[in-house]
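The residues making up each chain are set out below.
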Amino acid sequence: MSQSNDTPTLTSSPAWINLEQHYSAINTKKMKILFAEDKDRFSKFSLHFESILFDYSKNRITKETMQHLLSLAKQCNVTQWRDKMFSGEKINNTEGRAALHTALRNRSNTPVYVDGIDVMPKVQAVLDKMETFARKVRQGDWKGYTGERITDIVNIGIGGSDLGPKMVCRALTQYHHERLNIHFLSNVDSSHAESILKGEELNPETTLFVVASKTFTTQETLRNALTAKKWFLDWGATEKDVAKHFVAISTNKKEVTAFGIDPDNMFEFWDWVGGRYSLWSAIGLSIVLAVGMKHFIELLEGAHAMDQHFQEAPLEKNIPVIMGLLGIWYNNFFKAESSAVLPYDYYLREFPAYLEQADMESNGKSVDREGRRIDYSTGSIVWGAEGNNGQHAFYQLIHQGTKLIPTDFIIGATTHATCNQHHRNILVSNFLAQTEALMIGRSQEETRQQLKAAGVKLKDVEERIPHMEFEGNQPSNSIIFKELTPRTLGSLIAMYEHKIFVQGIIWNLNSYDQWGVELGKHLTEKVLEELESGNDIYQHDSSTKGLLEQYRTFRNETKRGQK
Ligand code: G6Q
């Protein structure tokens, strides 16, 4: 909803008030009763997209809930905002930029204009450059300075320049080129650089560094790139050899050149691509190197197909819209603080970390688009881990804790791994049993009967019941896909991107800026100056000062000990 001073705020709008009233009427309703009352609940509350099934029937919703939520989407002009995004309007108003990650995967190649210029020829030109380069590296025609073929690729980047490509590379492990090992260096802690360069015994003669930074000013990335360059030169290579071992991905040609990377070895992208939405751009170079251009294009095609679904499907059949609305339902009406993403797929193990950034950096905002403080909760705390491992760790809190935690369970029906069907069956039965148990729970009476049947002494049964009862009614979405192909992965990622978009529009936020991250980039400058100079230059609170002094003491003691 576009708000001005004389229009109602979100929380006093008709759709919101209707939802509040509806929430009061149904919030205690048990899902297991809803399932018992309607045998067709699964088919009514599930949607298919290509080879992906999105089942949202295990949610605390009725037909009426969805009608109210869809009215909210209409009231907030979700479709109009969606069209603005796709057409290149500058919806990132605080930075005066479009948010056009969808143009990067616009496989229909229809024109998309930014400031009156069609961006599609530029997009294609960079894809062509990536393809040519990757082909040479993959075929062994791109040689290192001693004439050796490249065997190891190190992507140096952080945040959006790391999490997306890393997640996709891990997810598509089964498609990797067999000679090429892909590494991701992000953390400025030198232990990370060391564990890759030394720990994995890389050979400078056969290693290619991909320095990925939209701005090319990010301290961590530049520091790591310098360390990598020193390691390379220390081996005996010369400055002129750098061109064969360092390439850059950036929007900032000036800084890339200043760093010493040949601009011919720079892969460009543009300010209308947000960092956390950039894996589809040149930032995906490590993906192309790992899996080849054919599979990267399939990834883009999968995302494009989801873009078309998001643009064309009616709201009530539109998966990202439904996902976004369900999130609003729990976040704002049930007051759920967090939501969990639980992939039952080893190759998707980086997906929760990727979504943490995509979601929380986009919608972790407390002022609306016009800069006014808002009076409703935004950005859910997104977290998660591989589902099967999580069962043996944190699921306890989801089952029996005091918090409502809506969950997304994700699984593929088949795996590329040498399939031992029994492994798969165990995995899938855990997936199914968990969502069922979260929904159904276990009543006191059921617990009593089970304890008795297990031969527990009668006097112990009553004592144990409160500890072993499960309230149930914990909501979950289940996402099942046929196989983790590049296309399916592309669709899955785009589905979540658009879910995040829908929520941002309903909360009237700019999902495409990240001033909190920018703050972090500048905060260290002052303290770093003090650490390097050894002098106290700035005023600090007593805690920061105390910590700084303690660090210096420890550091000096360690240095003396080393002498
Ligand atoms: C993403 C954020 C942030 C960014 C990193 C790296 O949306 O802006 O995570 O990607 O801070 O920035 P550079 O790519 O500019 O190095």
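Above this text is the structure in question.
Each value, and the rule that gives it
Residues numbered from 1 in each chain as written. Predicted model: local features only at pLDDT ≥ 70, side-chain atom pairs only at ≥ 80, totals over all residues. Heavy atoms only, no water. Core = buried A, V, L, I, M, F, W, Y, C linked by side-chain atoms within 4.5 Å. Buried < 20%, exposed > 50% of the residue type's maximum accessible area, 1.4 Å probe, protein only. Helix = DSSP H or I, 4+ residues; strand = E, 2+ residues; numbered from the N terminus. Contact = heavy atoms within 4.5 Å. Axes fitted to C-alpha atoms, helices over the stretch in contact; angles between N-to-C directions. Nonpolar A, V, L, I, M, F, W, Y, C, P; charged D, E, K, R; others polar. Salt bridge = Lys/Arg side-chain N within 4 Å of Asp/Glu carboxyl O. Pairing = 2+ DSSP bridges. Parallel < 35°, antiparallel > 145°, perpendicular 65-115°, else oblique. Left-handed = near helix turned anticlockwise from the far one by under 90°. Polar contact = N/O pair within 3.5 Å; in protein donor to acceptor, adjacent residues only side chain to side chain. Near = heavy atom within 4 Å. Areas by Shrake-Rupley, 256 points an atom, 1.4 Å probe, with all protein chains shown as cover. Phe/Tyr/Trp six-rings, centres within 6.5 Å; stacked < 30°, edge-to-face > 60°. Lys NZ or Arg CZ within 6 Å of the ring centre and 35° of its normal.

Undergrad: How do you make sense of the nonpolar core when you look at a structure like this?
TA: A general tendency of soluble globular proteins is for nonpolar side chains to be buried together. Counting 123 residues, the largest nonpolar core has Trp-272, Phe-351 and Leu-489 as its most contacted members. A per-element tally of this core places helix 22 (residues 486-506) first, with eleven residues. Sequence-distant contacts of Phe-351, that is, excluding residues within four places in its chain, are made with Met-167, Val-341, Ile-410, Leu-492, Ile-493 and Tyr-496.

Undergrad: I keep staring at the packing of helix 5 (residues 78-86) against helix 14 (residues 293-312) and nothing clicks. Help me out?
TA: For any two helices packed against each other, the geometry comes down to the angle between their axes and how far apart the axes lie. Relative to each other, helix 5 and helix 14 sit at 140°, their axes nearing to 10 Å. Contact with helix 5, carried on its side by Arg-82, Met-85 and Phe-86, involves Asp-307, Phe-310 and Gln-311 of helix 14 and no other residues of that element. Residue composition of the contact of helix 5 with helix 14, by class: three nonpolar, one polar and two charged.

Undergrad: So what exactly am I meant to see when it comes to the pattern of salt bridges here?
TA: Here the idea is simple: oppositely charged side chains can pair when their charged atoms come close. This structure, assessed with the given rule, holds 26 salt bridges. The closest approach of N and O atoms between Lys-365 and Asp-513, which form a salt bridge, is 2.8 Å. Taken together, the residues Lys-365 in the loop between helix 16 (351-363) and strand 11 (381-384) and Asp-513 in the loop between helix 22 and helix 23 (515-533) connect sequence positions 148 residues apart. Residue classification places Lys-365 among the buried residues on the basis of a relative accessible area of 15%.

Undergrad: Quick question: what am I supposed to make of the sheet that holds strand 9 (residues 266-268) here?
TA: Strands in a sheet are paired, the pairing made by backbone hydrogen bonds, and the direction either parallel or antiparallel. The parallel open sheet is built from five strands, whose spatial order is 6-5-7-8-9. Either end of the sheet is taken by a strand with one partner, and the two such strands are strand 6 (181-185) and strand 9. Averaged over all adjacent pairs, the angle separating strand axes in this sheet is 20°, with direction ignored. Across three bridges, the pairing between strand 8 (residues 246-250) and strand 9 is parallel. Bridge pairing in strand 9 places Ser-250 opposite Glu-268.

Undergrad: What's the story with the sheet that holds strand 1 (residues 46-49) in this structure? I'm lost.
TA: Sheet architecture is open: six strands sit in the order 1-2-13-12-10-11, paired in mixed fashion. The open sheet has two free edges, formed respectively by strand 1 and strand 11, since each of these has just one partner strand. When strand polarity is set aside, the average angle formed by the axes of neighbouring strands in this sheet is 15°. Bridge count for strand 10 (residues 338-343) against strand 11 is four bridges, and the pairing is parallel.

Undergrad: In this structure, what is going on with the packing of helix 20 (residues 444-453) against helix 21 (residues 458-468)? I would like to understand it.
TA: Remark: helix 20 packs on helix 21, axes separated minimally by 9 Å, with the N-to-C direction vectors making an angle of 135°. Overall, the two elements helix 20 and helix 21 adopt an arrangement that is oblique. Crossing of helix 20 against helix 21: the hand is right-handed. Within the contact between the two elements, helix 20 uses Gln-444, Thr-447, Arg-448, Leu-451 and Lys-452 and helix 21 uses Leu-458, Val-461, Glu-462, Arg-464, Ile-465 and Met-468. Taken together, the residues of the contact of helix 20 with helix 21 sort by class into five nonpolar, two polar and four charged.

Undergrad: Whenever I open this one, the environment of Asn-224 confuses me. Can you help?
TA: Mapping Asn-224 onto the fold places it in helix 10 (residues 219-234). With a relative accessible area of 3%, Asn-224 lands in the buried category. Side-chain polar atoms of Asn-224 contact the backbone oxygen of Ser-186, separated by 3.4 Å. Looking at Asn-224, its side chain comes within polar contact range of the main-chain oxygen of Asn-187, at 3.2 Å.

Undergrad: Before we go on, may I ask you to explain the site of the ligand in this structure?
TA: Taken together, 14 residues are adjacent to the ligand, and Ser-161, Ser-213, Thr-215, Thr-218 and Gln-357 come closest. Thr-215 is positioned with one of its side-chain polar atoms (N or O) 2.6 Å from an oxygen atom of the ligand. For the ligand, an oxygen atom lies 2.8 Å from a polar atom in the side chain of Arg-276. For the ligand, whose free accessible area comes to 400 Å², the fraction covered by protein is 93%. Across the shell around the ligand, the residue classes break down as one nonpolar, nine polar and four charged.

Undergrad: Hey, could you run me through the packing of aromatic side chains in this one?
TA: What describes a pair of aromatic rings is the distance from one ring centre to the other and the angle between the planes of the rings. For the structure on display, the rule yields 29 aromatic pairs. Between Phe-351 and Tyr-354, the aromatic rings sit 6.2 Å apart at their centres with planes inclined by 15°, giving stacked as the arrangement. Note that Phe-351 and Tyr-354 are positioned in helix 16 at a spacing of three residues, about one turn of the helix. According to the relative accessible area criterion, Phe-351 is buried, its value standing at 0%. A ring pair is formed by Phe-351 and Tyr-496, whose centres lie 5.5 Å apart and whose planes are at 80°; its orientation type is edge-to-face. Highlighted residues: Phe-351 in helix 16 and Tyr-496 in helix 22, separated in sequence by 145 residues. Taken individually, Phe-351 and Tyr-496 each receive the classification buried, so the pair is uniform in this respect. Put simply, the rings of Trp-16, Tyr-23, Trp-329, Tyr-330, Phe-333, Phe-334 and Tyr-376 pair up and form one aromatic cluster. The cationic tip of Lys-84 hangs over the ring face of Trp-81; the distance from NZ or CZ to the ring centre is 4.2 Å. Between Arg-105 and the ring centre of Trp-280, over which it is positioned, the NZ or CZ distance is 4.6 Å.

It is worth stressing that arrangement in space is one thing and function is another; only the former is reported here.
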